[in-house]
Structures are given as C-alpha cells and as structure tokens.
Amino acid sequence: MPVVFDSEKRVFKLDTPSSSYAMKISPTGYLLHLYYGAYVPDTDLDYLRMRQRNAAFSACVASAEEGGLSLDTAQLEYPVNGSGDFRSVALSVRGANGSSVTDIRYRSHRIYPGKPKLEGLPATYTNDDSEAETLEIVCVDELTGAEITLIYAAFSKLDVITRSVRIANTSDKPFSIERVHSAAVDFTEMDFDMLHLQGRWAKERTLVTRHLEFGLQGIHSRRGSSSHNNNPFIALARDGYTEESGEVFGFSFVYSGNFAAEVEVDCMRSTRVLMGTDPVDFAWKLEPGESFQAPEVVMVYSDHGVGGMSRTYHKLYRFNLCRGEWKTKKRPIIVNNWEATYFNFDSEKLVAIAKDAADLGIEMLVMDDGWFGKRNNDKSSLGDWYVNEDKLKGGLAELVRRVNALGVKFGIWFEPEMISPDSDLYRAHPDWCLHTEGRERSIGRNQYVLDMSRKDVRDNIFDQMYKILSSANIEYVKWDFNRNLTEVGSELLPPDRQSEVAHRYMLGVYELLERLLAAFPHLLLEGCSGGGGRFDAGMLYYSPQIWTSDDTDAIERLEIQYGTSIVYPPSAMSAHVSACPNHQTKRTSPFKTRGDVAMAGAFGYELDLTKLNDDERGLVRRQVADYHRYYDVIQNGDYYRLINPTESKGDMTSAAAWESVSSDKREVLLTYVVIRTQPSMSRYIRLRGLDPALTYTDTESGRSYSGALLMNAGLNLTGFWRDGESRVWHFTAERK
Ligand code: DGJ
C-alpha cells in the first residue's frame, strides 16, 4: 500500500519502493511535514518535528497546541502567507477584504488507486491503477472560502511521488490567488548541493552544481516558456553523493511556461524547496464556484546518486508521460532540410534529397521552415499556413506523393504560435497577438506571439493546420516556437485578469496540441523552440521527441546531451548528424563521431544528402545499420553517464562516455568520444550496471570479459586518440 493513514497518530505516509514521505495533522489542523527520504516502516515520526520557538521573536499560532506552534520554524507541508512563516511560501490568497493573510487547515482526505488527470494540463499517468495510489487532502481557509486540495500520487514500482494542487472558491465572493506553488518540501538540513540545468540558445541544459547557502537560491523563467536558460528542474543531492551513489531528491515540473524553483535555507539550517508557476506577475481570480488547477511536480528519490535519479525519470517519462503510439514505436530516421537548404528550396530539391534518403535507408524527409505564404527568409508569413506554390510546384500533395513513392515518409514544420507583421493574418487581425494597450509591441526574430489564450485565434490556427495535414500523407510535425513572450496582455480579458494571460497562454497551447493529436492520432510530433528552448516534461506529454538544440556540433552536443539526460530519456532527445564545418561552431569533427553522438538520441540527419561523398555515404549506410542494430538497447536500456564532458581534469584528455544496458543486462553499448587529446596519457573506463557474474563478449573483436572485470578494472583506452575521435563497443552476454 503506497499510501498509509495512521488515524491514531494522524500521520499520512507515502511509500515507494525505496522512499517514504510523511506528514501529520496537528491538533488544530495544520499539516506538518515530518519526513522525506529513504524508506522507513514507522509512522511514529512526530519526534522529528522541530519544536524550537526561535527565541522571543517567533510568533506562535494555535495556542491550543502543546507549547504553541511556531510557523516560523515548523516544517510545514504547504506553507501559506501571513501568519508567522517568514520564509517563501507556497500559497497566497487575497480575499474580498483586501488582505493576503492566508490560513489553511485540514478538513478531509481520501485515498484511491491510480492517479487523476489534471484538467487541461499535461501530467504523468498510470497505465493501470496498480501503478500508483493517490492521496487527496482537502484544506480550507475559512475566511476566504478557499478550498485547497493537495494531490499526491505515490508510484508502486518507481521512487516517484507526484504533487499538484487544486484551489476552489466555495464562498460567495471572488478572491485572487497571488502565488501557488505545486509542491513544497521542508528538509531539516542544508547539507545539500543544488543541481540545475542552465543555458542559452544553442547551449541548453548545462549541469550546474552549487552548495546550498543560507538565504534564497533558485531558478525561474519569466519568458513565457520554460526556456533555454533554466530548465524546470532542480535536485538536492545530499553531501557525499556521486553520480552513482548517495541520496538525490529530484524536482521536475510538468509545465512549459513561466516557472520558479525557490530554495530557501533559514537560520535553523532547514531547507525549503518550492516549485510551481512563477509568482511574478501572476494572479488568478476565482469567482464563486470556480476552481484552479496548478501543474504537476514530479519528485524522484534516488539512493543511487544522480544516475539513479535520471534512470527513474527516464522510465517514468517514457512510459507514464509520453502518450500515443509513438511512445514505444520505433522512430523513423529523419533527414531534415533546414541546415541543408535553409529557406532556399523547392520540390525538386526536396525530392532529390528524398531519393538519396531512400537509397541510404533514411526513412523520413522533414520539410522545415519556408514552405508557406511567401516566406523566403524569416521576415514574413508566419500565420499564413498555405502552401507557397512557387516553391512547391504542383502543390504539397504532389510533393508528398513523389516522396512517398520513393518509400520515404514525409514530415512538415509549423510555428503555430507566431504571427509575422508581414502576413495576411496580421493584416486581418492586428489584435490577435499578445499586446498591452498603449505599449509598443516588442519584436523578436521579426515576429509577434499570437494570443493563444483566445479560442478564436486557436480555432483559426487549428483550421489552417488541419487543412494542410489532411491534404496529403503527412506523418510528422515539427512544432517550433522562436521567441519569448513580451507585453503579455490579452484584448479579451478584463484589467483584473491580465496577470492570468501567461498561464492562459500555456493552457491554450496545450489545448491546441491536444486537439491536433485527437484529429491526427498517428502523427509523430516533435517539439522545438529554437532548438531546446521548451524541452520540458510538459511538452513531452504531447511530443515524445524534442529537437535538443540548434547547435548540431557533435562536440557541443556532448555537453548538451549530457545535461539533457539528467532528466530526459534518450528517446526524447532529437539528435542529427550535420555537415562540417559545423554551421554553429565552424568546427570539423569526424563523420563517424557525428553519428555516434547523434545515435544517443532520436536519430537523424540535418544536411544535404546529395552533397555527400562516397566515403560519407558508406558511413551513413553503416550508421543506419547500427541504428537498427542498437535501437533496442539505446532506447529501452538503462542509461549511465560515465565521463562528464564538462569536467576538465587539466592533466587528462577531456572526453565523454556513456553507456546503455539492456534491462536483462545482457546487451551493452558503450560510446567514448575524445574532446581534446593529450600525448602519453592513460585512461581506463569502468563500466556500470552490468551483471558481475556474466561473461560479456565484444561483438567486434570477439574478446570476452566478466562483468566483474569490466566494472572493476574496466577497458584500457590508453593509446593515441585524435581530437574528436569516437569509438563504440557493443557487448553481449549469452541469453539463457
Ligand atoms: C529553429 C529550429 O530550431 C530550427 O531547427 C529550424 O526549424 C528553424 N527554427 C526554422 O526557422
């Protein structure tokens, strides 16, 4: 039973295979957090509470409780504003009397198998009810009539607890939610590193680690999307952890808009973690009878270090977040024409690429930006989703027919949320973009952002997309998004609801995605935002793969994919072999290395196949064969990071290495890439996750090793390596 309620002690305990999470109801109805960590059988956990009053300055509530209750120092399950908890809080509600003092007390709870859907939002789900159990705790703020339901689901086979919050107005007056985090956890210590993934365009998700300090630390996005800059994820790793050992607590937000992860260490050395929608410029008015659903936070506990946490996220996001047939169906090898042609293409050019794709075993051609309106550069036509017949002579259906006739599938690019000022759509509806009356409209990449909170706007875009997608055999859509949101205002909402627009925008995008998938259930959707600017768990609910970065340089991709793998599975990371010198870095790296690096994700090509020489064509054939040969172990295996490419040891060759191990441990794929070589250097690499008792055979050399040997002594990589050189080892152990 993942959820236990000890009615005598009034303690709730949520158990996963290796973790426990506990809270109690105080005599006066406060929910007090008791414990989060390794599995414990006990429910008698009240002694863990911090009872300190923090000298004379602490105000105490609930005098009926033994010795009073200082909210200043208590571990609180869902901290609220205004009654003596001076840390950052999870919830603040401004009532009809103008005050934002909020006070919530336990009223009831229920426990049931499975996991509920979250209205209008992406969220993890169970494939059958035995996979998780849900606890809903209803708390009430008597004065405002705010009814707060804290929703927890504990997974039975993974160390995962999900959190979200629903707020209902049960009074006869409106109130305003001014801050609502989806999860709060009060830890009793501060001896942790905080891990997060920071970056920028073409350099997304670099793993950053810093030790907690007193005071506030955290990350956020106020860009209207989860952003290139801060991924909606943090972890606390207890001192002494490593990649494969020690305790790590992960927090990942299933949301693609503004978010905040606030970590605060107080004077008692206790640490509060809050995660939710960013409170800055957020407010949500609830009329009587209305309710608000906050997005989900996925908490993962690992006692096998950062790697253990990642493998849990990978499994959960692959099987309990991604949906539809493509969550497990083998993905096609794609060739995308963006870096091959940019805007300069026509049907003949695309068919020529498709011919080579067919010859080389590449399975799908994706036509990127530039096929619609009169778009020959990035200055026009977003919003005009009709075919440019000057480029696609004979039309789209004819092009797709020709490509399909070669045995190649067809995919297409859209940027549905954007509008160019130079477009028929903008000329007809200048009020359809996000804007604030009296303010200049900021422009980014020559485009404005459509007001996706409006149904009429979504209907128009849906109808246009529907027409295109049903006009030909289109099996894939790349959904791009290429600027941040500014002047976030909507013409249809009243002044007191303008701070709802950023969240309503996201709800609108999710609704449109859902509508599209309902209309085209077999479509493979690839998310994209100028590369990986919206690479988050929210988008994975709709698109099982996301373009990882606009930086296709194999060496840069080592770091980007390393960071991305901290949370997201290989099947989610779209990765392509591109031409050299690389368009983003001007670096030249071996064609083989480019293939080995891209093969760690959803594999494809981003170059002009018609320009490859014979050697390169031979390598493509080999890569295509390898992709099919290794697909299962890469996509379904457990992922281990062996060498961190961002870690430069100075006296040692800088390199990257990662490994996939099949679930029965009988197949292993190891990839090693040298970034900067050094002479006279020795290097051994120890494998992980094998069965020490099995004998593993290198399928290329035929040499055998025990699993124990590979994990304890490892492979000897000493020798001469060139900059950018890579090697892949494939081991199998006999299946009984
Ligand atoms: C940004 C994407 O990341 C690229 O792959 C490409 O689709 C361009 N947009 C097209 O404008």
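Residues numbered from 1 in each chain as written. Predicted model: local features only at pLDDT ≥ 70, side-chain atom pairs only at ≥ 80, totals over all residues. Heavy atoms only, no water.

J.: Sorry if this is basic, but what is going on with the sheet that holds strand β31 (residues 573-578) here?
T.: Hydrogen bonds between backbone atoms are what pair the strands of a sheet, whose relative direction is either parallel or antiparallel. Strands sit in the order β23-β24-β25-β28-β29-β30-β31-β32 around a closed barrel of eight strands; the barrel is parallel. Direction aside, the axes of adjacent strands within the sheet are offset by 30° on average. As judged from the five bridges shared by β31 and strand β32 (residues 602-606), these two strands associate in the parallel manner. Note on β32: the bridge partner recorded for S578 is E606. Sheet contacts for helix α10 (residues 591-598): β31 and β32; angle to β31, the most-contacted strand, approximately 170°. Here helix α11 (residues 614-636) sits on the sheet in contact with β31 and β32, set at roughly 160° to β32. (Pairing = 2+ DSSP bridges. Helix = DSSP H or I, 4+ residues; strand = E, 2+ residues; numbered from the N terminus. Axes fitted to C-alpha atoms, helices over the stretch in contact; angles between N-to-C directions. Contact = heavy atoms within 4.5 Å.)

J.: Which parts of the structure should I look at to understand the pattern of salt bridges?
T.: Two side chains with opposite charge may pair up if their charged atoms get near one another. Summed over all chains, the structure comprises 60 salt bridges. Among the ionic pairs, R105 bridges to D103, the shortest N-O distance being 3.0 Å. On the basis of relative accessible area, D103 is assigned to the partly exposed category, the value being 25%. A salt bridge links R222 to D278; the shortest N-O distance between them is 2.8 Å. One end of the pair, R222, is in the loop between β15 (215-221) and β16 (230-238); the other, D278, is in the loop between β19 (271-276) and β20 (284-286), and 56 residues separate them in sequence. We classify R222 as partly exposed; its relative accessible area is 42%. Classification of D278 as buried rests on a relative accessible area of 3%. (Salt bridge = Lys/Arg side-chain N within 4 Å of Asp/Glu carboxyl O. Buried < 20%, exposed > 50% of the residue type's maximum accessible area, 1.4 Å probe, protein only.)

J.: What is the right way to read the nonpolar core from this model?
T.: When a protein is soluble and globular, its nonpolar side chains tend to lie buried together. The biggest cluster of nonpolar side chains holds 179 residues, and the ones touching the most others in it are Y317, W371, I412 and Y605. Top contributing element to this core by residue count: helix α7 (residues 501-519), with nine residues. If near-sequence neighbours (up to four positions away) are discounted, W371 is found in contact with F345, W385, Y386, V387, N388, L392, I412, W413, F414 and I468. Core analysis: the second largest hydrophobic core is formed by 23 residues, L642, A655, A657 and V668 among them. (Core = buried A, V, L, I, M, F, W, Y, C linked by side-chain atoms within 4.5 Å.)

J.: What am I meant to see in the site of the ligand here?
T.: Near the ligand there are 13 residues, and of these D368, D369, K478, D480 and D550 occur at the shortest range. Within the contact set of the ligand, an oxygen atom lies 2.9 Å away from a side-chain nitrogen or oxygen of R445. Contact with the protein chains hides 98% of the accessible area of the ligand, taken as 290 Å² for the molecule alone. Tallied by class, the residues present in the shell around the ligand amount to four nonpolar, three polar and six charged. (Near = heavy atom within 4 Å. Polar contact = N/O pair within 3.5 Å; in protein donor to acceptor, adjacent residues only side chain to side chain. Areas by Shrake-Rupley, 256 points an atom, 1.4 Å probe, with all protein chains shown as cover. Nonpolar A, V, L, I, M, F, W, Y, C, P; charged D, E, K, R; others polar.)

J.: I would appreciate a short explanation of the environment of T646 in the present structure.
T.: The residue T646 is located in the loop between β33 (638-643) and β34 (654-661) in this model. We classify T646 as partly exposed; its relative accessible area is 35%. Remark: the alpha-carbon pair of T646 and W413, spanning 233 residues in sequence, is separated by 33 Å. Among all residues touching T646, those that are not within four sequence positions of it are T206 and E559. Of the polar contacts made by the side chain of T646, one reaches the side chain of N644; its length is 2.6 Å.

J.: How should the packing of α10 against α11 be read in this particular structure?
T.: Packed helices, taken two at a time, are described by their axes: the angle between them and the distance between them. Where α10 meets α11, the closest approach of the two axes is 10 Å, and the angle between their N-to-C directions is 20°. It follows that α10 is roughly parallel to α11 by the angle criterion. α11 is crossed by α10, and the crossing has right-handed handedness. Along its contact with α10, which presents F591, K592 and G595, the element α11 presents E616, L619, V620 and Q623. The residue inventory of the contact of α10 with α11, partitioned by class, reads three nonpolar, two polar and two charged. (Parallel < 35°, antiparallel > 145°, perpendicular 65-115°, else oblique. Left-handed = near helix turned anticlockwise from the far one by under 90°.)

J.: What is the right way to look at the sheet that holds strand β2 (residues 11-15) in this model?
T.: Taking strand neighbours across the sheet as the criterion, the four strands line up as β1-β2-β3-β4 in an open arrangement whose pairing is antiparallel. Only two strands of the sheet have a single neighbouring strand rather than two, namely β1 (3-6) and β4 (31-38). Strand-to-strand twist in this sheet, taken as the mean axis angle between neighbours without regard to direction, amounts to 15°. Bridge count between β1 and β2: four bridges; the pairing is antiparallel. Residue pairing across strands places F5 opposite F12, the latter belonging to β2.

J.: Sorry, what's going on with the pairing of strand β25 (residues 409-414) here?
T.: Moving residue by residue along a regular strand, the side chains alternate between the two faces of the sheet. Among the six residues of β25, five are classified as buried, and the element is accordingly described as predominantly covered. Here strand β24 (residues 364-367) runs beside β25; their pairing, made up of four bridges, is parallel. Bridging across to β25, M367 finds its partner in I412. Between β24 and its parallel partner β25, the chain crosses via helix α4 (residues 396-405), and the hand of that crossover is right-handed. With four bridges joining them, β25 and strand β28 (residues 476-479) adopt parallel strand pairing. Bridging from a neighbouring strand, W413 pairs with K478 of β28. (Right-handed = clockwise from strand over helix to strand, strands pointing away.)

J.: Any chance you could explain the layout of surface pockets here in plain terms?
T.: One water molecule sets the probe size; rolling that probe over the atoms shows where empty space is left. Counted as a void, the largest pocket has a volume near 600 Å³. What lines the largest pocket is a set of 27 residues, and nearest its centre among them are E119, G120, L121, Q293 and L507. For the lining of the largest pocket, the elements supplying multiple residues, two or more each, are β20, β21 (291-293) and α7. With seven residues, the top contributor of residues to the lining of the largest pocket is α7. Looking at side-chain class alone, the lining of the largest pocket contains ten nonpolar, six polar and eleven charged residues. E243, Y562, I643, N644 and E647 are, among the 21 residues lining the second largest pocket, the residues nearest its centre. At the level of elements, β14 (203-211), β33 and β34 are the ones that each hand at least two residues to the lining of the second largest pocket. In terms of residue count, β33 provides more of the lining of the second largest pocket than any other element does, three residues in total. Taken together, the residues that form the lining of the second largest pocket break down as nine nonpolar, six polar and six charged. (1 Å grid on protein atoms, 1.4 Å probe; cavity = no way out; pocket = protein on both sides within 12 Å on 5 of 7 lines; lining within 4 Å. Points joined across faces, edges and corners; volume = space filled by probe spheres on them.)

J.: Which parts of the structure should I look at to understand the packing of aromatic side chains?
T.: For any pair of aromatic rings, the description consists of the separation of the ring centres together with the inter-plane angle of the planes. Across all of its chains, the model carries 38 aromatic pairs by this definition. Consider the rings of W338 and F343, whose centres lie 5.2 Å apart with planes at 90°: the pair is edge-to-face. Here F343 falls in the buried class, since its relative accessible area comes to 14%. Put simply, the rings of Y21, Y36, Y152, F187, F192, F249 and Y301 touch in pairs and so form one group of aromatic residues. (Phe/Tyr/Trp six-rings, centres within 6.5 Å; stacked < 30°, edge-to-face > 60°.)

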